[in-house]
Amino acid sequence: MDWISIANAVINGVVIGMLLALPALAITLVFGIARFPNAATGDYMTLGAYTTIASQMFLGGSIVVAVLGAMTMTAAISLLMYFWVFRALAERSHVSRLIASIGVAFAVRSTITFFAGQDQYVVDLPLVRAWNFGGIRILPTDLYIVGAALIALLLVFCVMYLTPTGRRMRAIADSPELAAASGIRARRVMIFLWAVAGAFCGLGGALLGIKAVVLPELGWELLMPMFAGVILGGIGSPVGAVLGIVTFSIAQEVASLFVGPAYKVVLAFLILLCVLLLRPQGMFGRPIAAR
Amino acid sequence: MSLLQIAKLSGGYGDVDIITGIDMHVGAKEIVTIAGTNGAGKSTLIKAAMGILPRIAGTMVFDGIDLMKLQIEDRVRIGISYVPQVRNVFGTLTVLENLQVVEHAPGKSARIRDMFDLFPALAGRRGTYAENLSGGERQQLAFARALMSSPRLILLDEPSAALSPALTDQVFEEVKRLPQADVAVLMVEQRARQALAFSDRGYILDAGRIVLSDTGASLLANEEMGDVYIGRGQSQAAMPHAPSTHV
């Protein structure tokens, strides 16, 4: 295997990892604050991709407007599902909420299928030629994808670490009981959390729609790799979620060079297994100690 | 008039009552200690006062306000603060952020400066994550966090837990200073003898019921009760100037 192929695979892994970092961050934020793994994350992405396409088909306009529309739609659906489903289950076990989120995932996917059918769609963008640097190929579209993802990630990290809302989110993630005893109203934080999580899934879905063919199962099939990336980075660590999914995606793309695309997921999970055997808390997670 | 008045309070987790028929009160600027054997329901009683216990019945009135109708966050708003026994600071937030995150703290910047004046050891560590603080610094931060909202009543759950005798003395000195700042204290403490020595009053809890209440000095003088509930030999050994007698 020549190094140029490996370099191209790494670049592709970085691009896919960066766009999946958005929903991965949504998973880790929801897990840290609402305290359950949200299985509807993938289907919120799918909704974002379909909304982008629908916006282009029916409203015309630029891709930027379509992507913003997708973010708004998924944020709205995410909030609706919070008020309708997850808020009522807030005091129930995390298993109950996980199962409810699987139900939400099916509902979202079925609704998409009802309106859009099983046909394949693509986001309408002008074809562009890749830049070629001695065999290393970089698509300008990929740079836009990475740029958009980076800006969104930077924004959310600024909110989390530089604003009162972010402090409240981190406080609730640290200790919900102490947060309440500090006067923090969890409900307001939850509304912000679910809006951000939805918007990030929408953006991730729209960017994925630019990179891949859009199908109703698009996001659902990415759920396990996204969970794996979050676990690899360390559950509950926002930085870990981003670096974990990027690492996992690079591992998948490089693995596909050696074992073919069919087995790349298996090899990536093997890498995940090895990392977790050596470091069970993930790359950036904290070890859980018994008191 | 009492600041906090509790009557016929019962409650617990699930279907089991941990505390039953509790009648007690805390006056303004008073230090009140709840003592008792392990598993007597002391921490449960403190949690009930803060609104953390999932199931309670009875009446709780704070300065004329019915606490039974208030959420935990609203109790902070009306002037009640709580320092839990464990996880009493946000470990993943810095010292400064632990103070900034507290709601219902008018003039927050000035209040934070007040806290750093009150606990100078924290001032130099404002950018340190709370999980990296020493036990004593953590306890100071827990106090500072609880005092940020300028409470009139502070609920302390075992403030000396897991601290060395020297640090315990330091923490108790801070508790003694609270009434000077118009803060009343309701405290659960395993080192009951040491705590009752500076408490205005105390309650002895056994199997979820109050079996005795009196002034701190009178409870300490009650030898029979002291042997059973206050842990005379152990507590005396823990006291800084106690005679070295062992039971």
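Quick notes on the rules
- Residues numbered from 1 in each chain as written.
- Chains lettered and ligands numbered in written order.
- Predicted model: local features only at pLDDT ≥ 70, side-chain atom pairs only at ≥ 80, totals over all residues.
- Heavy atoms only, no water.
- Helix = DSSP H or I, 4+ residues; strand = E, 2+ residues; numbered from the N terminus.
- Rg over C-alpha atoms; globule rule 2.2 N^0.38 Å.
- Buried < 20%, exposed > 50% of the residue type's maximum accessible area, 1.4 Å probe, protein only.
- Contact = heavy atoms within 4.5 Å.
- Lys, Arg positive; Asp, Glu negative; His and termini not counted.
- Charge placed at Lys NZ, Arg CZ, Asp CG, Glu CD.
- Areas by Shrake-Rupley, 256 points an atom, 1.4 Å probe, with all protein chains shown as cover.
- Core = buried A, V, L, I, M, F, W, Y, C linked by side-chain atoms within 4.5 Å.
- Axes fitted to C-alpha atoms, helices over the stretch in contact; angles between N-to-C directions.
- Parallel < 35°, antiparallel > 145°, perpendicular 65-115°, else oblique.
- Left-handed = near helix turned anticlockwise from the far one by under 90°.
- Nonpolar A, V, L, I, M, F, W, Y, C, P; charged D, E, K, R; others polar.
- Patch = residues over 30% accessible without salt bridge, like charges linked within 9 Å, V, L, I, M, F, W, Y side chains within 5 Å.
- Salt bridge = Lys/Arg side-chain N within 4 Å of Asp/Glu carboxyl O.
- Buried area = accessible area lost by both parts, 1.4 Å probe.
- Phe/Tyr/Trp six-rings, centres within 6.5 Å; stacked < 30°, edge-to-face > 60°.
- Lys NZ or Arg CZ within 6 Å of the ring centre and 35° of its normal.
- Pairing = 2+ DSSP bridges.

**Topic: the overall build of chain B**
Scanning chain B from N- to C-terminus turns up 11 helices and 10 strands. Since a compact globule built from 247 residues should have a radius of gyration of about 18 Å, the 18 Å found for chain B is in line with a globular shape. Principal axes of the C-alpha set define a box for chain B whose edges measure 50 × 45 × 35 Å. For chain B, the residues scored as buried account for 54% of the 247 residues in total. Relative to all contacts within chain B whose residues are 6 or more apart in sequence, the contacts with residues 24 or more apart total 66%. Where the 24 positive side-chain charges of chain B centre and where its 27 negative ones centre are 4 Å apart.

**What about the overall build of chain A?**
Scanning chain A for helices and strands turns up 11 helices and two strands. Shown N-terminal to C-terminal, the secondary structure of chain A runs as helices and strands in the order α-α-α-α-β-β-α-α-α-α-α-α-α. A globule of 291 residues ought to have a C-alpha radius of gyration of about 19 Å, and chain A, at 19 Å, matches this closely. Its C-alpha atoms give chain A principal-axis dimensions of about 60 × 50 × 35 Å. Taking the intrachain contacts of chain A between residues at least 6 apart in sequence as the baseline, contacts between residues at least 24 apart amount to 77%. Just so you have it, chain A exposes about 13,700 Å², and 71% of that area is on carbon and sulfur atoms. Side-chain charges of chain A comprise 18 positive and 11 negative groups, with the mean position of each set lying 14 Å from the other.

**Here we look at the environment of Thr 46 of chain A**
Within the secondary structure, Thr 46 of chain A sits in helix α2 (residues 41–59). With residues up to four places along the chain from it excluded, the contact list for Thr 46 of chain A reads Ile 112, Leu 215, Pro 216, Leu 218, Gly 219 and Trp 220 of chain A.

**Digging into the nonpolar core**
Grouped together as the largest cluster of nonpolar side chains are 81 residues, with contacts concentrated most on Phe 86, Leu 153, Leu 193 and Trp 194 of chain A. The greatest single-element share of this core, amounting to 14 residues, is contributed by helix α1 (residues 3–33) of chain A. Listed in part, the 36 residues of the second largest apolar core include Ile 19, Ile 46, Ala 48 and Ile 52 of chain B.

**Overview of the packing of helix α5 (residues 140–162) of chain A against helix α10 (residues 238–259) of chain A**
Residues and elements named next belong to chain A. As a packed pair, α5 and α10 sit with axes 11 Å apart at the nearest point and diverge in direction by 160°. Put simply, α5 runs roughly antiparallel to α10. Crossing of α5 over α10 shows left-handed handedness. Two secondary-structure elements touch here, α5 through Leu 153, Phe 157, Met 160 and Tyr 161 and α10 through Pro 238, Val 239 and Val 242. Of the residues belonging to the contact of α5 with α10, the class tally is seven nonpolar, no polar and no charged.

**A word on a nonpolar patch on the surface**
Residue and element names in this part refer to chain A. A cluster of nonpolar side chains, contributed by Met 1, Phe 258, Val 259, Tyr 263, Val 266, Leu 270, Leu 273 and Leu 277, occupies part of the molecular surface with about 870 Å² of accessible area. At the level of secondary structure, the elements contributing two or more residues to the nonpolar patch comprise α10 and α11 (264–278). Among the elements that take part in the nonpolar patch, α11 stands out by supplying four residues, more than any other. Locating Val 259 in the fold gives a position in helix α10.

**Thoughts on the interface of chain A and chain B**
Taken together, the contact between chain A and chain B spans 19 residues of the former and 26 residues of the latter. Both faces combined, the contact of chain A with chain B buries some 2,100 Å², and carbon together with sulfur accounts for 51% of it. Where chain A touches chain B, the interface holds four salt bridges. With its nearest N and O atoms 2.5 Å apart, the salt bridge here joins Glu 103 of chain B to Arg 168 of chain A. Breaking the side of chain A that touches chain B down by element, the ones donating at least two residues are α6 (164–174) and α7 (176–181) of chain A.

**Points about the packing of aromatic side chains**
Residue and element names in this part refer to chain A. Within the structure shown, the criterion is met by 10 aromatic pairs over all chains. Each member of the aromatic cluster is reached from another via a ring pair, and the members are Phe 36, Tyr 82, Phe 83, Phe 86 and Trp 194. Lying over the aromatic face of Trp 220, Arg 109 brings its terminal NZ or CZ to 4.4 Å of the ring centre.

**Regarding the pattern of salt bridges**
The final tally for this structure, using the stated rule, is 14 salt bridges over all chains. Among the ionic pairs, Lys 211 of chain A bridges to Asp 142 of chain A, the shortest N-O distance being 3.1 Å. Of this pair, Lys 211 of chain A sits in helix α8 (residues 186–211) while Asp 142 of chain A sits in helix α5, and the two are 69 residues apart along the sequence. Ionic pairing is found between Glu 97 of chain B and Arg 170 of chain A, a salt bridge with its closest N-O pair at 2.8 Å. With one member in each of two chains, Glu 97 of chain B in helix α3 (residues 95–100) and Arg 170 of chain A in helix α6 form a pair that bridges those chains. Judged by its relative accessible area of 9%, Glu 97 of chain B is buried. Several salt bridges share partner residues, and in doing so they unite Arg 185 of chain A together with Asp 74 and Arg 77 of chain B into one network.

**Some details on the sheet that holds strand β4 (residues 55–62) of chain B**
Residues and elements named next belong to chain B. An order of β2-β1-β4-β5 is seen for the four strands of this open sheet, with the pairing classed as antiparallel. Lying at the two open borders of the sheet, with one neighbouring strand each, are β2 (16–27) and β5 (65–66). Relative to β4, strand β1 (residues 2–13) runs antiparallel, the two sharing seven bridges. Residue pairing across strands places Gly 11 opposite Ile 56, the latter belonging to β4. Of the strands in this sheet, β1, β2 and β4 are in contact with helix α1 (residues 42–50), which crosses β2 at around 70°.

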